[in-house]
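# Descriptive structure summary
Each chain is listed here by its residues.
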Amino acid sequence: KKKGFIFDLDGVIVDTAKYHFLAWQQLAKGLDINFTEEENEQLKGVSRVRSLEKILAWGNKTISQEMFESLMAKKNEEYLSYIADMDSEEILPDVPRVLKTLIDGNQPIALGSASKNARTILERVNLKSQFDAIVDGNDVSKAKPDPEVFLIAAQQINMKPEDCIVFEDSVAGVEAANTANMISIGIGSKDVLGHANYVFNDFTEISDDFIKSLIEK
Ligand code: G6P
Ligand code: MG
């Protein structure tokens, strides 16, 4: 039997969610806008444009299109400086084991990320070759919670949406997976990701037997 396994990147495969947070926080501070960790949960999985729109809305700020573009560029520069010397040490625990289980079992694997930096990061941590398809922020027009990114990923690995399983750390991403009619597996806290079909703190809690049970379902 075959299932399509679709992985989000930031906060699922690598711990870059903290760098996105730091970069946005820095930028918000410069605009005199404060946002909490709770509000940050709403930025996870959300595109760069949409994230800045949300931050500006929280701070009740309107800015020119020019300023908007320049702030987005600034955020990305800051973010890129954080990930500049990233290597495979930043792969989250047991991600390689789960990928190996899937590859050994001939299961198709795709990346479904909102990030335009996804390919760069996969190369840095030396995981690019493990994916049969990579769909990222350069390939989609609608941001999560829209299911577009996962639907394209499913198509690229020739799997029906209902035969796909999505690993996600974000509220928006779990919603996107659910809307796409896929099985959603939340990576993080149950309090935040209660709308997922399953929730685990991290991949160390996901056994090979559980993976096999998903494939047999
Ligand atoms: C991921 C992250 C978000 C980020 C988005 C766009 O989904 O979880 O925090 O805003 O990608 O990333 P980018 O690297 O293109 O700014
Ligand atoms: Mg994520």
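See above for the structure.
I will try to describe carefully the structure that is included in this document. Values in this document were obtained by computation on a predicted structure and should not be read as measured data. Each chain has its residues counted from 1, running along the sequence as written. Chain letters start at A and ligand numbers start at 1, both assigned in the order the entries are written. For a predicted model such as this one, the threshold for reporting local features is a pLDDT of at least 70, and the threshold for listing and counting side-chain atom pairs is 80 or more; totals across whole chains, interfaces and linings nevertheless cover every residue.

## Section: the overall build of the protein
Numbered from the N terminus, helices here are DSSP runs of H or I no shorter than four residues, and strands are runs of E no shorter than two. A count of helices and strands for the protein gives 9 helices and 6 strands. Here the radius of gyration uses the C-alpha set of atoms, whereas the globule reference equals 2.2 Å times the residue count to the power 0.38. The C-alpha radius of gyration computed for the protein amounts to 17 Å, which stays within 12% of the reference 17 Å derived for 217 residues, consistent with globular compactness. With the C-alpha coordinates of the protein rotated into their principal frame, the extents come out at 55 × 35 × 30 Å. The burial criterion counts other C-beta atoms lying within 10 Å of a residue's C-beta, which is placed from the backbone; the residue is buried at 20 or more, exposed at 12 or fewer, and partly exposed between these limits. Burial analysis of the protein (217 residues in total) assigns 42% to the buried set.

## Brief notes about the sheet that holds strand S1 (residues 4-7)
Think of it this way: DSSP has to see at least two bridges between two strands before they count as a pair. With parallel pairing, 6 strands are arranged side by side in an open sheet as S3-S2-S1-S4-S5-S6. Two strands in the sheet have a free side with no partner beyond their single neighbour: strand S3 (133-135) and strand S6 (198-200). Sheet twist, expressed as the mean angle between neighbouring strand axes with direction ignored, is 20°. Alignment of strand S5 (residues 183-187) against S6, held across 3 bridges, turns out to be parallel. Residue pairing in the sheet places Gly186 in a bridge with Val199 of S6. Whenever a helix is involved, its axis is fitted only over the stretch in contact; in every case the axis is a line through C-alpha atoms, and angles between N-to-C directions fall within 0 to 180 degrees.

## Concerning the nonpolar core
A general feature of soluble globular proteins is that nonpolar side chains tend to end up buried together. Judged by nonpolar contacts, the single largest core of 57 residues is most densely connected at Ile6, Phe150, Ala153 and Val166. The contacts of Ile6, once residues within four sequence positions are left out, are Ala110, Gly112, Phe150, Ala153, Cys164, Ile165 and Val166. In this description, a nonpolar core means buried residues of the types Ala, Val, Leu, Ile, Met, Phe, Trp, Tyr and Cys, linked to one another by C-beta atoms lying within 7 Å. In this description, a residue-residue contact is defined by the distance between C-beta atoms placed from the backbone, which must lie within 7 Å.

## Regarding the environment of Tyr82
Checked against the element boundaries, Tyr82 lands in helix H4 (residues 65-83). Considering only alpha carbons, one finds Tyr82 and Ser213, 131 residues apart in sequence, at a separation of 38 Å.

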